[in-house]
Amino acid sequence: FNSLATKTISALRPAVRSIHSTASQNAKVAVLGAAGGIGQPLSLLCKLSPEVDELSCYDIVGTPGVAADLSHIPSKSSTLGRLPSPVKWPMGPNDGLKEALEGSDVVVIPAGVPRKPGMTRDDLFNTNASIVQTLVEGCAKFCPDAMIAIISNPVNSTVPIAAEVLKKHGVYNPKKLAGVTTLDVCRANTFVGNHMGWDPKDVDVTVIGGHAGITILPLFSRVDGAKFTDDELEAITVRTQFGGDEVVAAKAGAGSATLSMAYAGYLFTENVLKALRGEEITQCAFVESNLTEAQYFASPVKFGKNGVEEILPLGELSAYEKQWFDKMMPELKKQIQKGVDFVKK
Ligand code: NAD
Ligand code: LMR
């Protein structure tokens, strides 16, 4: 039955896609860590996205089930589930990571362990550094031109790790690697919206720096019409910087943000796909940058057909923001160096 069902599904899929697919480009997204707390809802949102033609779900566990489940949703994209082992869905030749990655335009990586209360993101380094290293080695071999979006923490170190791995393989393109900091922007938008009584959907806060504690710097001075007392500004800034801790504490040992991160990761991915298709999109991202002394820095970035097209100038910071910026820089540079050293050594 399985083989018959799979043959039937495979036979149907091209017909469905040829009816509904309008984009000339066949956009493939691979989610690595697709069975996890972020990976599953992120894969769901990608499956629903009109920008995605092929969705590839890879993990060390569970992806045949995740992919089979998603494949029943009547959206235009095909769905593939792959494991490193020979268990596979749909049936067919299986080469795990290779098959998951080949032909990908965007690879999103939420693979790795999440925090528990009392931990910093840096405490995840020992486990997640080698997970990211292995997966990005796969990207270097099987889809060297894909845009790689890193979610796995600590982002301030895992992005430099990814860059060094790609350099080792001679395929590093700084336009095609970014750390996803969209959740910081989502939080800042929500908190300002709530504070001002605005619909958060109408707010777009610039958040710069990195993605850990004080390396996250929301620039609320740039939000037109937003008004804060000094105490309110301090509270909303610190809440944005430590929004992740708020969720970790509330989940009480069951992990960190997954649903809001899946939404943020989907927003980032869909924007990149639109840009690769030719739309000009500006969004904050943690990329290799010469805006500051830090080799990688999150700031508003223009994405286009080739990935990162332009890192926009930072502009003036307010005196309040400048204080945070000065505090952040040594911390950010240290975390970046830790990632670089991990691969170089
Ligand atoms: P999770 O434990 O629920 O899921 C992680 C998944 O990764 C699991 O399914 C696991 O099997 C998989 N995995 C582990 N090793 C792998 C490998 N070698 N190859 C493929 N898959 C592998 O964790 P989660 O809550 O989804 O969080 C994942 C990561 O995302 C954590 O590091 C977390 O800190 C980070 N995160 C980042 C942000 C951000 O804003 N950038 C936000 C939230 C969480
Ligand atoms: C977040 O900001 O929610 C993530 O980086 C997860 C975490 O550990 O806080």
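Structure: see above.
Remember, it's a predicted structure, so these values are computed and weren't measured experimentally.

Engineer: Explanation requested: the overall build of the protein chain in the structure shown.
Structural biologist: In terms of regular secondary structure, the protein chain is built from 11 helices and 12 strands. Relative to its 345 residues, the protein chain shows a buried fraction of 48%.

Engineer: Before we go on, may I ask you to explain the site of ligand 2 in this structure?
Structural biologist: All residues adjacent to ligand 2 are P114, R115, R121, N153, L183, G244, V247, V248, S256 and A257. Looking at the shell around ligand 2 element by element, the count peaks at three residues for helix 9 (residues 243–251).

Engineer: How do you make sense of the site of ligand 1 when you look at a structure like this?
Structural biologist: By nearness alone, 33 residues border ligand 1, and G33, G36, G37, I38 and N153 come closest of all. In terms of residue count, the dominant contributor to the shell around ligand 1 is helix 5 (residues 125–142) (four residues).

Engineer: Help me out: how do you make sense of helix 9 in this one?
Structural biologist: Owing to its 3.6 residues per turn, the α-helix aligns residues three or four sequence positions apart on the same side. Every buried residue of helix 9 is accounted for by G243, G244, V247 and V248. Projected down its long axis, helix 9 carries its buried residues within an arc of 140°, all on one side. Exposed and oriented more than 90 degrees from the buried face of helix 9 are E246 and A250. In the core, the buried residues of helix 9 are packed alongside helix 7 (182–196) and helix 8 (230–241). The first or second residue beyond helix 9 is A252, which carries a positive phi of 45°.

Engineer: Sorry, what's going on with helix 7 here?
Structural biologist: Compared with an ideal rise of 1.5 Å per residue, which puts 15 residues at 21 Å, helix 7 spans 21 Å between its outermost C-alpha atoms and is within 8% of the ideal. When you tally the buried positions in helix 7, you get 11 out of 15 residues, the bulk of the element. Considered for burial, the residues of helix 7 that qualify are T182, L183, D184, V185, C186, R187, A188, N189, F191, V192 and H195. Buried-residue contacts for helix 7 involve strand 8 (207–209), strand 9 (216–218), helix 8, helix 9, helix 10 (259–276) and strand 10 (281–288). Remark: G197 follows helix 7 within two positions and exhibits a positive phi of approximately 75°.

Parameters at a glance
- Residues numbered from 1 in each chain as written.
- Chains lettered and ligands numbered in written order.
- Predicted model: local features only at pLDDT ≥ 70, side-chain atom pairs only at ≥ 80, totals over all residues.
- Helix = DSSP H or I, 4+ residues; strand = E, 2+ residues; numbered from the N terminus.
- Buried ≥ 20, exposed ≤ 12 C-beta atoms within 10 Å, placed from the backbone.
- Near = placed C-beta within 6 Å.
- Arc of directions from axis to C-beta.
- Contact = placed C-beta atoms within 7 Å.
- Expected span 1.5 Å × (residues − 1).

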